[in-house]
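An overview of the molecular structure
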Amino acid sequence: MTAAATPHPLERYYRLHARIYDATRWSFLFGRDRLLGQAAAALQAAPVRTAPRIAEIGCGTGRNLAALARLLPEAALTGIDLCPPMLRRATAKASPRTCLVCAAYGPDSLPPAATDCIVFSYALTMFNPGWDAALDAAARHLAPGGLLAVADFHDTRAGWFRSWMGVNHVRLDGHLLPVLAARFDTVRQEVRPAYGGLWQYFCYLGRVR
Ligand SMILES: C[S@@+](CC[C@H](N)C(=O)[O-])C[C@H]1O[C@@H](n2cnc3c(N)ncnc32)[C@H](O)[C@@H]1O
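Not measured: the values here are computed from a predicted model.

Close to the ligand lie 20 residues; Arg-32, Glu-56, Gly-58, Asp-81 and Ser-121 are nearest. Here a nitrogen atom of the ligand sits 2.7 Å away from a polar atom, N or O, in the main chain of Gly-58. One nitrogen or oxygen atom from the main chain of Leu-82 is found 3.4 Å from a nitrogen atom belonging to the ligand. Contact with the protein chains hides 95% of the accessible area of the ligand, taken as 600 Å² for the molecule alone. Per-element tally for the shell around the ligand: the top contributor is helix α1 (residues 9–24), with 3 residues. Of the residues contributing to the shell around the ligand, the split by class is 13 nonpolar, 4 polar and 3 charged.

Per the stated rule, a full pass over the model turns up 12 aromatic pairs. Aromatic side chains Phe-120 and Phe-127 sit 6.2 Å apart centroid to centroid with 80 degrees between the ring planes, which places their arrangement in the edge-to-face category. In this structure Phe-120 comes out as buried when scored by relative accessible area, which is 0%. An angle of 50 degrees between the planes, with centres 5.3 Å apart, marks the rings of Tyr-195 and Trp-199 as tilted. For Tyr-195, a relative accessible area of 52% translates into the label exposed. Ring pairing ties together the aromatic residues Phe-30, Tyr-122, Phe-153, Trp-160, Phe-161, Tyr-195, Trp-199 and Tyr-201, which thus form one cluster.

The complete set of buried residues in helix α5 (residues 131–141) reads Trp-131, Ala-134, Leu-135, Ala-137, Ala-138 and His-141. For α5, the angular spread of buried residues about the axis comes to 160 degrees, placing them on one side. Those residues of α5 that are buried are in contact with β4 (115–121), β5 (142–155) and α7 (176–183).

Rules used in this analysis
Residues numbered from 1 in each chain as written. Predicted model: local features only at pLDDT ≥ 70, side-chain atom pairs only at ≥ 80, totals over all residues. Heavy atoms only, no water. Near = heavy atom within 4 Å. Polar contact = N/O pair within 3.5 Å; in protein donor to acceptor, adjacent residues only side chain to side chain. Areas by Shrake-Rupley, 256 points an atom, 1.4 Å probe, with all protein chains shown as cover. Helix = DSSP H or I, 4+ residues; strand = E, 2+ residues; numbered from the N terminus. Nonpolar A, V, L, I, M, F, W, Y, C, P; charged D, E, K, R; others polar. Phe/Tyr/Trp six-rings, centres within 6.5 Å; stacked < 30°, edge-to-face > 60°. Buried < 20%, exposed > 50% of the residue type's maximum accessible area, 1.4 Å probe, protein only. Arc of directions from axis to C-beta. Contact = heavy atoms within 4.5 Å.

Shown next, in the form of structure tokens:
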């Protein structure tokens, strides 16, 4: 794990939350296992190489990377996250085929056109500003025909909930799906309700153009 040069506002947030992250997030970060299963199935259905190269951007505590290592035992995994307290937890569960990088994701984070699948799981709604630049970077890093896999909050009709999520650094206003569908070739997308419709979340799979 390499160290980030400058601190980020999210670091203070996750200094506390990293301790309780895995114990609590199962109760509201829905669709993550569904997305990983769909991405693994898509990679297996059209194998580009024996060891697919997968990167999770905003990998947090490494929960998804550990699941991907189980689903795709040959995969070469990279996790990128800017919060050291989260990455310390990811380090503890990383497989030998996992490389972790402590940095903000950007155009030079990965070699161009050399990653078969890029996963954003409940990360893009926290890239504020920067979610659109992150999609540009992902399009640059994906190999031709490479897979973009995204699970995230979609939208809510409850203004108070949108504000509360803003306090927690999450932008929740349906901004991601239309842009994903416009910029990638959609393989599948699903929007599902959470907690009786208090909010919606989505899973998206697309291929780079
Ligand atoms: C809600 S957590 C999601 C963690 C994991 N992907 C999951 O599904 O459990 C969002 C993560 O994105 C990271 N993050 C936010 N902005 C980032 C950026 N610009 N570059 C890299 N990581 C970022 C945060 O540090 C945090 O660990």
